[in-house]
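One-letter residues, chain by chain:
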Amino acid sequence: SYEAPPESMVVIGAGYIGLELGSVWNRLGSKVTVLEYLDRILPGMDSEIAEEAKKIFAKQGLEFRLGAKVTGARTEGDQAVVEVEGQDPIRCDQVLVSVGRKPNTENLGLESIGVETDERGKVRVNERFETSAPGVYAIGDLIPGPMLAHKAEEDGIACVEGWESKAAPNVDYHLVPGVVYTHPEIGVVGYTEDALKAEGIPYKVGSFPFAANGRARALGDTVGKVKLLAHAETDRILGAHIIGPRAGDLIAELVAAMAYGASAEDLHMVSHAHPTLCETIKEAALAVEGRAIHI
């Protein structure tokens, strides 16, 4: 615990957790410097949304140093000194290390009962969540897939229901949403534009800014946008990326739509109450065909 926010903090890692906690300390008054080994923040997220997030967070006061390889950290008196390859050391009051997560499977005695793990320490399971040890099942962060609480919940339900069913349970990890609880929030699901390009999948883009949404303007919270990706030929929604107010709540509509194979047209034909933030989703769906109304 701290009696007061530290004057300065270095956050190592610009992923979900690093940005969430870095944003908190920034709002509490700390000078926060975020170091990231890659040349971008939020690895794996849609690069356009990540770049917009970087600009927003930088305006809020976070300092980003990208392409920064941290080689060590030490204490000198009551301060910490962070070593960065090819750069001058950074002095700060606190260091937060947020460079990814790994399953906590070491020293559990798993090998003594025959539970196998992979090279990353994750427990190997089949489609029914069975491990290599008879009668032992594993779910959540211990096994492959997104390391998220709601993913673990779906795993658990599917695992138990599978005990009574002949059909293998099905949890589609491609439809597990991710949320970054910064301000503004970021909510994502499905393909990124980068992934669609890499896989050669033809797509269309529709986006709509919160600045043109009446509810966002009434809330005084207009930063960000909704971005939808739809198949260029079938119009089926392939991915959704939201940065803005209540993005973590808004993404649920896109998850449901994608789970049932909805097209962008399906989505914009649904009535959305006015004034609400979710009207941005309808408008982004219209924008896929260049038909957004309130822009």
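Placed above this text is the structure.
Just so it is clear, the model here is predicted, and its values are computed rather than measured.

Caption draft 1: Quick look at the pattern of salt bridges. Counted according to the given criterion, the structure contains 16 salt bridges. For Glu48, the salt bridge identified is with Lys227, shortest N-O distance 2.6 Å. Of this pair, Glu48 sits in helix α2 (residues 47-60) while Lys227 sits in strand β11 (residues 225-231), placing them 179 residues apart in sequence. Its relative accessible area of 32% is what places Glu48 among the partly exposed residues. Two residues, Glu85 and Lys69, come together in a salt bridge whose shortest N-O distance is 3.8 Å.

Caption draft 2: Here's a closer look at helix α1 (residues 16-27). The end-to-end C-alpha separation of α1 is 17 Å, in line with the 16 Å expected for twelve residues at 1.5 Å each. When α1 is considered as a whole, its buried residues turn out to be Gly18, Leu19, Glu20, Gly22, Ser23, Trp25 and Asn26. Summarising the contacts, the buried residues of α1 are in contact with β1 (8-12), β2 (31-36), α2, β3 (63-66) and β8 (178-180). A positive phi of about 115 degrees marks Gly29, the residue just after α1.

Caption draft 3: Spatial organisation of the sheet that holds β2. Across the sheet, which stays open at both edges, the four strands sit in the order β3-β2-β1-β7 with parallel pairing between neighbours. One side of each edge strand has no neighbouring strand; the edge strands of this open sheet are β3 and β7 (94-97). Strand-to-strand twist of the sheet, defined as the mean angle between neighbouring strand axes without regard to direction, takes the value 20 degrees. Where β1 lies against β2, five bridges are found, and the strand directions are parallel. Counted as the bridge partner of Val10 is Thr33 from β2.

Caption draft 4: Broad picture of the layout of surface pockets. Taken as a whole, the largest pocket spans an internal volume of roughly 1,100 Å³. Around the largest pocket, the lining is made up of 40 residues, and of these Gly15, Tyr16, Pro43, Met147 and Leu148 lie nearest the centre. When contributions to the lining of the largest pocket are tallied by element, the ones reaching two or more residues are α1, β2, β8 and β9 (185-190). Counting residues per element, the lining of the largest pocket draws most heavily on α1, at four residues. Grouping the constituent residues of the lining of the largest pocket by class yields 21 nonpolar, 13 polar and six charged.

Caption draft 5: How the structure looks around helix α8 (residues 279-287). Where burial is concerned, most of α8 is hidden: eight out of the nine residues are buried. Among all positions of α8, only Glu279, Thr280, Ile281, Glu283, Ala284, Ala285, Leu286 and Ala287 are buried. Considering only its buried residues, α8 is in contact with β10 (203-209), β11, α6 (247-259) and α7 (264-268).

Caption draft 6: Inspection of a nonpolar patch on the surface at higher detail. On the surface, Ile17, Leu21, Val24 and Leu28 cluster together into a nonpolar patch covering about 310 Å² of accessible area. Assignment of secondary structure puts Ile17 in helix α1.

Caption draft 7: Inspection of the nonpolar core at higher detail. Membership of the largest hydrophobic core comes to 26 residues, with the highest contact counts inside it found for Leu228, Ile242, Leu254 and Leu267. Counting only elements with at least two residues in this core, the list comes to β11, β12 (237-244), α6, α7 and α8. Take this core: its biggest share by element is seven residues, from α6. If sequence neighbours within four positions are ignored, Ile242 has contacts with Glu185, Ile186, Gly187, Phe210, Lys225, Val226, Ala247, Leu250, Ile251 and Leu254. Within the second largest apolar cluster, 21 residues are counted, among which are Leu19, Ala53, Val180 and Val188.

Caption draft 8: Fine view of the sheet that holds strand β4 (residues 70-76). Overall, antiparallel pairing links the three strands, which are arranged β4-β5-β6 in an open sheet. Only two strands of the sheet have a single neighbouring strand rather than two, namely β4 and β6 (90-92). With strand direction ignored, the average angle separating the axes of adjacent strands in the sheet is 20 degrees. Across six bridges, β4 lies against strand β5 (residues 79-84) in antiparallel orientation. When the sheet's bridge partners are listed, Gly72 is paired in β5 with Glu83.

Scoring rules and cut-offs
Residues numbered from 1 in each chain as written. Predicted model: local features only at pLDDT ≥ 70, side-chain atom pairs only at ≥ 80, totals over all residues. Heavy atoms only, no water. Salt bridge = Lys/Arg side-chain N within 4 Å of Asp/Glu carboxyl O. Helix = DSSP H or I, 4+ residues; strand = E, 2+ residues; numbered from the N terminus. Buried < 20%, exposed > 50% of the residue type's maximum accessible area, 1.4 Å probe, protein only. Expected span 1.5 Å × (residues − 1). Contact = heavy atoms within 4.5 Å. Pairing = 2+ DSSP bridges. Axes fitted to C-alpha atoms, helices over the stretch in contact; angles between N-to-C directions. 1 Å grid on protein atoms, 1.4 Å probe; cavity = no way out; pocket = protein on both sides within 12 Å on 5 of 7 lines; lining within 4 Å. Points joined across faces, edges and corners; volume = space filled by probe spheres on them. Nonpolar A, V, L, I, M, F, W, Y, C, P; charged D, E, K, R; others polar. Patch = residues over 30% accessible without salt bridge, like charges linked within 9 Å, V, L, I, M, F, W, Y side chains within 5 Å. Areas by Shrake-Rupley, 256 points an atom, 1.4 Å probe, with all protein chains shown as cover. Core = buried A, V, L, I, M, F, W, Y, C linked by side-chain atoms within 4.5 Å.

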